[in-house]
Amino acid sequence: NEMLLHNHRTSSPLYTFDGTKWTLHEATNNPMPARGLHVAAALPDGNIVFFGGSSDEMKNDVWVLCTSSTPWKWMEVKVAGGKPQPRAGSICFPVGCDGMCVFGGAEATENGLNALND
């Protein structure tokens, strides 16, 4: 098992830690834009799904870091149908082989942040 270290304010570097050493990984394609307070879930195939967060505005986009390829690849997911409203600070967990559940967080309003319970 490895742990991924991802600096949320830049597109690189990406490091994994296997318990004894750090390994730098290069990733191709356009990286996920910088953001904070996003969530990520590791899927059984080793790929990592990222959702939402905030930079200059709240986001509800979905990105996958494909770690099963060499080099790793960033891919923006074009979501079909409805998707959660933009949010930051939510929680998530993997569902099945290729899904992710997102819950809660906060949305930006004219009066500040509004907690979400969906």
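Before reading on, note that the structure itself is shown above.
A short tour of the structure in this document, coming up.

Definitions and limits used
- Residues numbered from 1 in each chain as written.
- Predicted model: local features only at pLDDT ≥ 70, side-chain atom pairs only at ≥ 80, totals over all residues.
- Heavy atoms only, no water.
- Pairing = 2+ DSSP bridges.
- Helix = DSSP H or I, 4+ residues; strand = E, 2+ residues; numbered from the N terminus.
- Polar contact = N/O pair within 3.5 Å; in protein donor to acceptor, adjacent residues only side chain to side chain.
- Contact = heavy atoms within 4.5 Å.
- Buried < 20%, exposed > 50% of the residue type's maximum accessible area, 1.4 Å probe, protein only.
- Salt bridge = Lys/Arg side-chain N within 4 Å of Asp/Glu carboxyl O.

Describing the sheet that holds strand β5 (residues 39-42)
Strand order in the open sheet formed by five strands is β4-β8-β7-β6-β5, with mixed pairing between adjacent strands. Only two strands of the sheet have a single partner each, and these edge strands are β4 (27-28) and β5. Of the strand pairs in this sheet, strand β6 (residues 48-54) and strand β7 (residues 58-66) are connected by six bridges, and their pairing is antiparallel. Of the residues in β7, the one forming a bridge with Val49 is Val64.

Digging into the side chain of Thr16
Within the secondary structure layout, Thr16 lies in strand β2 (residues 14-17). Only 2.8 Å separates the side chain of Thr16 from the side chain of His25, close enough to count as a polar contact. Those residues in contact with Thr16, other than ones at most four positions away along the chain, are Glu2, Met3, Leu4, Lys21, Trp22, Thr23, His25 and Trp72.

Some thoughts on the side chain of Arg35
The residue Arg35 is located in the loop between β4 and β5 in this model. By relative accessible area, which is 0% here, Arg35 ends up buried. At a separation of 3.0 Å, a polar atom in the side chain of Arg35 contacts the main-chain carbonyl oxygen of Pro33. For Arg35, the side chain forms a polar contact with the main-chain oxygen of Gly52, separated by 2.9 Å.

Details of the pattern of salt bridges
On inspection of all chains with the given rule, the structure shows four salt bridges. Of the charged contacts, one joins Asp18 and Lys21 as a salt bridge, the two residues approaching to 3.3 Å between their closest N and O atoms. Arg87 is the partner of Asp118 in a salt bridge, and the nearest nitrogen-oxygen pair spans 2.8 Å. Placement of the pair is Asp118 in the segment after β12 (112-115) and Arg87 in the loop between β8 (72-77) and β9 (91-95), with a sequence separation of 31 residues. Under the relative-accessibility criterion, Arg87 is labelled buried at 1%.

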